[in-house]
Amino acid sequence: MTTFASLNLSPELVSALHKLGYDNPSPVQLRVIPKALTGASLVCQSETGSGKTHSYLVPILAKTDLNLPRTQAIVLCPSRELARQVYEFAFAFTKFFPKFKVRLFTSETEKTQNLEGVSGRSNDAAPHLIVATPGRAKDILVDNRALPLQGVKTLVIDEADMLMELGYFDDIDAIFSELKEGTQTMVFSATLNQELKANLERYVDARFLYEGEDHKTASGVAHHFVDVKHIGKLEALDRFLRIRRPYLALVFASKKEDVNAAYAHLRELGVEAVAFSGDLDARERKQALRKIKSNEYPVVVASDLLARGIDIDDVSDVISLDLPSDLSYYYHRAGRTGRFGKTGDSWIFYNADELRRAKALLAQGTEFDYYTLKSDSLVPTDGSFLKKREIRFKHEISEDQKRDISIAKAKTATDKVKPGYKAKRRKALEKVAGKYRRKAIKEKVREQTNKVYAAKAKKK
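The shown structure was predicted, so the numbers you read here are calculated from the model rather than taken from an experiment.

(A) The sheet that holds strand S14 (residues 368-373), seen in detail. Here 8 strands make up an open sheet; going across it, the order is S10-S11-S9-S12-S13-S8-S14-S15 and the pairing mixed. Strands at the two margins of the open sheet, each flanked by one partner only, are strand S10 (273-276) and strand S15 (378-381). When the angles between neighbouring strand axes are averaged without regard to direction, this sheet yields 25°. Two elements, S10 and strand S11 (residues 299-302), share 4 bridges in a ladder whose sense is parallel. Counted as the bridge partner of Ala-275 is Val-301 from S11. Packed onto the sheet, helix H10 (residues 233-244) meets strand S9 (249-252), S11, strand S12 (317-320), strand S13 (344-350), S14 and S15 and runs at close to 150° relative to S13.

Written out as structure tokens, the structure is:
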């Protein structure tokens, strides 16, 4: 098995990795670290939980001149929780490299605190590595010019897809423009669509792209649909936890109010649980994350804020009380378990009202198995209720249908924006669509019936 010692790293760095519990590089680390050590820019797309963070931290540390007291690398993360996690990974190396200085710049602390020790622009105070959220990094490094950036050799854009979703690329542009030409830029992302690729062209002239195995989540994750039928989601969660008895469960809901309701319900039942969502202020989020990472509670109820990139040890089960509108977030949720070669289970609660989104997820190709939640057991099923396809017939829009659509729009038109006018128009258009859909189905059935009769006539 390949070890870090084979990657042309110093004995001191290999020893530090060993003492931190890292002996064998993951597939992404094995591919990316040698390329990163050459100083080349690159883009890495790999599944969550694959070890992306050390894929850039190890080469950054390997290339840092610890005798040169100036900033040599910047890592940009989309949230303060992710930034703090990366900072903690990096700070762990200071035990073995005392000269190595790392600073964290995020909005969880006041700007004046972020500037402490650097506002005087003393070379002695300059961190070798800065880990930051883009907005705070721009504020301190570009607007306040608190540190010179001429010595920066490496810029890391971590969780690039999330940075794009949150609209951070203007801040990244401002930081990038301050760096010298030819600065190594490393981009890491769980997904990489065409829009993101277009956004990255300005930073990366990369001839190297590492794409991990064709898994949306780690291969150790088993995916399950749970039909909760007419049971309320909160009652279903209570039943499931009593039946399954997970070692550490992460329970996700798309809306903050649903997170709060699930947390309150569990606490009322006496379940030891902690909540994490955007409703918490910076101090509360920091405290909650500390409790989560120290495994103080067997159940964590969270919004999708916790689904991206946060490492939580030993999560055995991920439970989705619903499916997010952006289905890619389901895979980020599921990726909180089965990390770093471990196994785990991801469970999705659904009922008859949520079939469309569940079927859309099934259509993406991930393999699921199926259960029905009873009062005291999870009963395996064949999933036929969920897998059964809706009957759809494509048909060209006729002139009559176009006319009826125009009439429906005209009847619902208004000079002023009135409450409910969009819903009224939608219902009118759905009524027209339903009429012609039924007509198309009848025509298709008639056509199939005629074929049957024609076949019988031929036999005679």
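(B) Structural context of the nonpolar core. In this structure, Tyr-56, Val-75, Leu-129 and Val-131 are the most contacted members of the largest nonpolar core, which totals 37 residues. If sequence neighbours within four positions are ignored, Tyr-56 has contacts with Val-75, Val-86, Val-156, Asp-158, Met-186 and Phe-188. In this structure, Ile-74, Phe-105, Leu-141 and Leu-149 belong to the second largest nonpolar core, which totals 30 residues.

(C) Structural view of the packing of aromatic side chains. Inspection of the entire model under this criterion finds 12 aromatic pairs. Measuring from centroid to centroid gives 5.5 Å for Phe-225 and Tyr-350, while their planes differ by 85°, and the two rings are edge-to-face. Placement of Phe-225 in strand S8 (residues 221-227) and of Tyr-350 in strand S13 is noted, with a sequence separation of 125 residues between them. With relative accessibility at 0%, the residue Phe-225 sits in the buried group. Exposure remark for Tyr-350: the relative accessible area of 5% places this residue in the buried category. Taking the centre distance of 5.1 Å and the plane angle of 65° together, the rings of Phe-240 and Trp-347 count as edge-to-face. Taken together, the positions of Phe-240 in helix H10 and Trp-347 in strand S13 put the pair 107 residues apart, joining distant regions of the chain. Note on Trp-347: relative accessible area 3%, which makes it buried.

(D) Expanded view of unusual backbone geometry. Backbone geometry places Asn-8, a non-glycine residue, at a positive phi of 65°. Relative to the helices and strands, Asn-8 resides in the segment before helix H1 (11-19). Judged by its relative accessible area of 71%, Asn-8 falls in the exposed class.

(E) Looking closely at the pairing of S13. With respect to burial, S13 is a largely interior element, 7 of its 7 residues being buried. What you see with S13 is no split at all: Gly-344, Ser-346, Ile-348 and Tyr-350 on one side and Asp-345, Trp-347 and Phe-349 on the other are buried throughout. Bridging between S8 and S13 involves 7 bridges; their strand directions are parallel. The partner of Val-221 across the bridge, within S13, is Gly-344.

(F) Highlighting the pairing of S8. When you tally the buried positions in S8, you get 6 out of 7 residues, the bulk of the element. Inspection of the sheet shows S8 paired to S14 by 5 bridges, in the parallel sense. Looking at the pairing, Val-226 lines up with Tyr-371 of S14.

(G) A look at the pattern of salt bridges. In total, this model carries 14 salt bridges according to the counting rule given. Put simply, Glu-88 and Arg-84 hold a salt bridge, and the shortest N to O gap is 4.0 Å. Here Glu-88 and its partner Arg-84 are both found in helix H4 (residues 80-91), 4 residues apart, which amounts to about one turn of the helix. Classification of Glu-88 by relative accessible area gives partly exposed; the value is 40%. Linking Glu-354 and Lys-233 is a salt bridge whose minimum nitrogen-to-oxygen distance equals 3.0 Å. Here the residue Glu-354 occupies a position in the loop between S13 and helix H14 (355-362), and Lys-233 occupies one in helix H10, the gap between them amounting to 121 residues. Residue class for Glu-354 comes out partly exposed when judged on its relative accessible area of 26%. Bridged by salt links that share partners, the residues Arg-244, Asp-317 and Asp-345 form one connected network.

(H) Focus on helix H11 (residues 256-268). In a regular helix each residue adds 1.5 Å, so 13 residues correspond to 18 Å; H11 covers 18 Å between its end C-alpha atoms and thus fits that length. When H11 is considered as a whole, its buried residues turn out to be Val-259, Ala-262 and Leu-266. The arc enclosing the buried residues of H11, seen along the axis, measures out at 70°, which places them on a common side. In H11, the exposed residues that point more than 90 degrees away from the buried face are Glu-257 and Glu-268. Positioned one or two residues after H11, Gly-270 has a phi angle of 90°, which is positive.

Cut-off values and rules
Residues numbered from 1 in each chain as written. Predicted model: local features only at pLDDT ≥ 70, side-chain atom pairs only at ≥ 80, totals over all residues. Heavy atoms only, no water. Pairing = 2+ DSSP bridges. Helix = DSSP H or I, 4+ residues; strand = E, 2+ residues; numbered from the N terminus. Axes fitted to C-alpha atoms, helices over the stretch in contact; angles between N-to-C directions. Contact = heavy atoms within 4.5 Å. Core = buried A, V, L, I, M, F, W, Y, C linked by side-chain atoms within 4.5 Å. Buried < 20%, exposed > 50% of the residue type's maximum accessible area, 1.4 Å probe, protein only. Phe/Tyr/Trp six-rings, centres within 6.5 Å; stacked < 30°, edge-to-face > 60°. Salt bridge = Lys/Arg side-chain N within 4 Å of Asp/Glu carboxyl O. Expected span 1.5 Å × (residues − 1). Arc of directions from axis to C-beta.

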